[in-house]
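Each chain is listed here by its residues.
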Amino acid sequence: MLAAVISLGGLAFILALGLGVASKIFAVETDPTVEAIAEVLPGANCGGCGYAGCAGFAEAVASGQTAPTECKAAGSDIVAQMAQILGVKIEETEKKVVKIFCQGSSDNCKSKFLYEGVFDCRAAVLLGGGYKACPYSCLGYGSCVKACPFGAIEIGPKGLPIVDEQKCTGCGSCIRQCPRGILRLLPISQKYYIPCSSKDKGKAVRQVCQTGCLACKLCLKKCPNQAITIENNQPRIDAQKCSGCGVCAEKCPKKIIQLASNG
Amino acid sequence: MFQKMIVIIISTILVNNFVLAKFLGICPFLGVSRKTETALGMGMAVIFVMTLATAITWLLQVFILNRFHIEYMQTIAFILVIAALVQLVEMVIQKTSPLLYQALGIYLPLITTNCAVLGVAVLTIQNEYTFIETLVYSVGASIGFTLALILFAGIRERLSLADIPESLEGTAIALVTAGLLSLAFLGFAGLVK
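Position labels on residues start from 1 in each chain and follow its written sequence. By the order in which they are written, chains take letters starting at A while ligands take numbers starting at 1. Selection of residues for local features in this predicted model requires a pLDDT of at least 70, selection of side-chain atom pairs for listing and counting requires 80 or more, and totals for whole chains, interfaces and linings are taken over all residues. Hydrogens and waters are ignored; side-chain quantities use all the structure's heavy atoms.

### Topic: the pairing of strand 7 (residues 234-237) of chain A
Then step 1. The criterion for strand pairing is that DSSP finds at least two bridges linking the strands in question. Only DSSP runs of H or I with at least four residues qualify as helices, and only runs of E with at least two residues qualify as strands; both kinds are numbered from the N terminus onward. Note that strand 6 (residues 228-231) of chain A and strand 7 of chain A share four bridges and pair antiparallel. Bridged to Thr229(A) within strand 7 of chain A is Arg236(A).

In structure tokens, the structure reads:
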């Protein structure tokens, strides 16, 4: 009994002493601002900033390599907190959200064949360039849904992804996963957008999809603010110039120009 | 002597695999097996800590516990030493090699509570191994652990893309897979007497 108490007690004492001494010898100095910034970051490790997770970003911000606003997932309140820690002033940047530039659900867009492979867009696109007739269409297998660290995307009833703008932080994780490249960030204030990514000419688009943009240029001609440009048969609305009058949506012969915000 | 070492190695890696045959260290086996990369990191950390811990606990058993006839304190003494050792190793690595520290990350402190480490330490005493045999046994055991972890992580990576019935998703399918993997390793039984 006595031997057990003494030997184990002694052992514990020696180990504790050793650890105590070691913690002094091997103490690593960490920058308190790095920890403070890491504390306020969203912690989703989405990689939207280009650094290896939130810890890497916190280090880069603290050492001045990058600005707090580079965190795509942080709202203005988090950026303000970071600015306070760093003691700098930050200009407000507008929040961006992801939009799906395709309306080619299986009702609207023809299929080339029946796909029964791995349930993932990046796998589906490898087989004959995807099962849909349009080579720019959404495949609907939800690679973007799996990629979203904030649970902001889900596949809707039509088999197309739907973005919850409240939850979307604009980090761009989904954009990096989409094999079609049909997800894009738009400023949240932009009123209208044209949800089609096809680079084909009007005739080819008409053959495969009912909701594809034919690049007829009617919207471009009718826009009173010259906010629309067409490049590679894709019309784009310039958010700076768009007044949100809605003339383009009215004039579009396919009625595909949509209100951007669903709220 | 040499032959016995080979037998110990093969037996610990394949026949008596710690995870798949002895069912020790199941929590890291299920916890850090989502990606092969992290599985490899955890495996390396286990190889390092297990070998070091077993060597020290063997010395502790022979020179302190046996000498004072307090073998019944084995479990407490071993846990004490392993926990302190992992703490120390973590501190040393953090100071001397930040790169290695980042690579091992959270896995080092996790190993403190890994029952496989304690299991190996106790089993080497029960089997009455010499010091060299103890080292070989612990290296083999940790390689076996790493092998099982990486194989399982590879399967789980494939599973994450598969179309799994909703009721089986996540841990359920992982446990089914672990069972099948364990059955597969049962095929090695009889390889070593």
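Having seen it, we continue.
### A short note on the pattern of salt bridges
Residues and elements named next belong to chain A.
Then step 1. The salt bridge definition used is simple: a Lys or Arg side-chain nitrogen within 4 Å of an Asp or Glu carboxyl oxygen. According to the stated counting rule, one finds four salt bridges over all chains in the structure shown.
Then step 2. Between Lys99 and Glu165 there is a salt bridge; the shortest N-O distance is 2.5 Å. In this pair, Lys99 is assigned in strand 1 (residues 96-100) and Glu165 in the loop between strand 3 (161-163) and helix 7 (173-177), connecting sequence segments 66 residues apart. Each of the two residues, Lys99 as well as Glu165, counts as buried.
Then step 3. For Asp120, the salt bridge is made with Arg122, and the minimal N-O distance between the two is 3.6 Å.
Then step 4. Burial classes: relative accessible area under 20% of the type maximum marks a residue as buried, over 50% as exposed, and values in between as partly exposed (1.4 Å probe, protein chains only). For Asp120, a relative accessible area of 4% puts it in the buried group.
Then step 5. By relative accessible area, which is 39% here, Arg122 ends up partly exposed.
Then step 6. Beyond isolated ion pairs, a larger network of salt bridges with shared partners links Asp120, Arg122 and Lys146.

### Here we look at the layout of surface pockets
Then step 1. Here a cavity denotes a set of grid points, spaced 1 Å apart and computed over the protein atoms alone, in which a 1.4 Å probe fits but from which it cannot get out, and a pocket denotes an open set meeting protein on both sides within 12 Å along at least five of seven lines; residues with an atom within 4 Å of a point are reported as lining. Grid points are joined across faces, edges and corners, and a volume is the space filled by probe spheres set on the points. One number sums up the size of the largest pocket: a volume of about 890 Å³.
Then step 2. As for the largest pocket, its lining consists of 23 residues, and the residues nearest its centre are Lys146(A), Arg156(B), Leu159(B), Ser160(B) and Leu161(B).
Then step 3. Elements that contribute at least two residues to the lining of the largest pocket include exactly helix 6 (143-147) and helix 7 of chain A together with helix 8 (131-159) of chain B.
Then step 4. Considering only residue class, the lining of the largest pocket consists of seven nonpolar, five polar and 11 charged.
Then step 5. Size it by volume and the second largest pocket reaches roughly 760 Å³.
Then step 6. Taken together, 22 residues make up the lining of the second largest pocket; nearest its centre are Ala55(A), Gly56(A), Glu59(A), Tyr101(B) and Gln102(B).
Then step 7. At five residues, helix 3 (residues 53-62) of chain A tops the list of elements feeding residues into the lining of the second largest pocket. Amino acids are sorted into nonpolar (Ala, Val, Leu, Ile, Met, Phe, Trp, Tyr, Cys and Pro), charged (Asp, Glu, Lys and Arg) and polar (every other residue, Gly among them).

### Some points on the pairing of strand 1 of chain A
Two faces belong to every sheet, and in a regular strand the side chains alternate between them.
Residues and elements named next belong to chain A.
Then step 1. Among the five residues in strand 1, four count as buried, and that is most of the element.
Then step 2. Both strand 1 and strand 4 (residues 183-187) contribute to a ladder of five bridges, which runs antiparallel. Within strand 4, the residue paired with Lys99 across the bridge is Arg184.

### Digging into unusual backbone geometry
All names here are of chain A.
Then step 1. Positive phi values are uncommon outside glycine, yet Ala215 reaches one of about 55°.
Then step 2. Along the polypeptide, Ala215 turns up in the loop between helix 8 (202-208) and helix 9 (218-222).
Then step 3. What makes Ala215 buried here is its relative accessible area of 15%.

### A short note on a negative patch on the surface
Then step 1. Like charges are joined within 9 Å and nonpolar side chains (Val, Leu, Ile, Met, Phe, Trp, Tyr) within 5 Å, but only among residues with over 30% relative accessible area and no salt bridge; these make up the patches. Computed with a 1.4 Å probe, the accessible areas rest on the Shrake-Rupley method; for each residue, only the protein chains presented here act as cover. Positive charges come from Lys and Arg alone, negative charges from Asp and Glu alone, with His and the N- and C-terminal ends not counted. Lysine's charge is taken at NZ, arginine's at CZ, aspartate's at CG and glutamate's at CD. Together, Asp31(A), Glu35(A), Glu39(A) and Glu59(A) make up a region of like negative charge exposed at the surface.
Then step 2. Looking at where Glu59(A) falls in the secondary structure, it is placed in helix 3.

### Topic: the interface of chain A and chain B
The figure often quoted for interface size is the accessible area lost as the parts come together.
Then step 1. Any two residues whose heavy atoms approach within 4.5 Å are treated as being in contact. Chain A puts 18 residues into the contact, and the matching count from chain B is 18 residues.
Then step 2. Surface buried jointly by chain A and chain B totals about 1600 Å² across both partners, of which 82% is contributed by carbon and sulfur atoms.
Then step 3. The term buried area means the drop in 1.4 Å probe accessible area that two parts suffer when joined, counted for both and summed. When residues of chain A are sorted by the area they lose upon contact with chain B, Leu8(A), Leu19(A) and Phe26(A) head the list and together hold 33% of the total.
Then step 4. Summed over the shared surface of chain A and chain B, the number is zero salt bridges.
Then step 5. Think of a polar contact as two N or O atoms within 3.5 Å of one another; within protein, one of them needs to be a possible hydrogen donor and the other a possible acceptor, and neighboring residues in sequence only count if both atoms come from side chains. The interface formed by chain A and chain B contains zero residue pairs in polar contact (both at pLDDT 80 or more).
Then step 6. Classifying every residue of the side of chain A that touches chain B by side-chain character gives 15 nonpolar, two polar and one charged.

### Observations regarding the nonpolar core
Then step 1. Among the nonpolar cores identified, the biggest contains 39 residues, and Leu20(B), Phe29(B), Met42(B), Met50(B), Ile111(B), Tyr137(B) and Leu149(B) are the most heavily contacted of them.
Then step 2. Elements with a contribution of two residues or more to this core: helix 1 (2-15), helix 3 (36-65), helix 4 (74-96), helix 6 (107-111), helix 7 (115-126), helix 8 and helix 9 (171-186) of chain B.
Then step 3. Per element, the largest residue contribution to this core is eight residues, and it comes from helix 8 of chain B.
Then step 4. Non-local contacts of Leu149(B), meaning those with residues more than four positions away in its chain, are made with Pro28(B), Phe29(B), Val32(B), Ser33(B), Ala39(B), Met42(B) and Gly43(B).
Then step 5. Core analysis: the second largest hydrophobic core is formed by 16 residues, Val98(A), Ala152(A), Ile153(A) and Leu183(A) among them. Joining through side-chain atoms within 4.5 Å is the link that ties buried Ala, Val, Leu, Ile, Met, Phe, Trp, Tyr and Cys residues into a set, and such a set is a nonpolar core.

### Some thoughts on the packing of helix 7 of chain B against helix 8 of chain B
Residue and element names in this part refer to chain B.
Then step 1. Closest axis-to-axis distance for the helix 7/helix 8 pair is 10 Å, and the angle between their directions is 145°. You can see that helix 7 and helix 8 cross each other, and the crossing is right-handed. Contact residues: helix 7 offers Val120, Leu123 and Thr124, while helix 8 offers Thr134, Tyr137, Ser138 and Ala141.
Then step 2. Here the residues of the contact of helix 7 with helix 8 are counted per class, giving four nonpolar, three polar and no charged. A fitted line through C-alpha atoms serves as each axis, taken over the contacting stretch for helices, and the angle formed by two N-to-C directions is quoted from 0 to 180°. By definition, any crossing whose near helix is turned counterclockwise from its far helix by less than a right angle is left-handed, and any crossing with a clockwise turn is right-handed.

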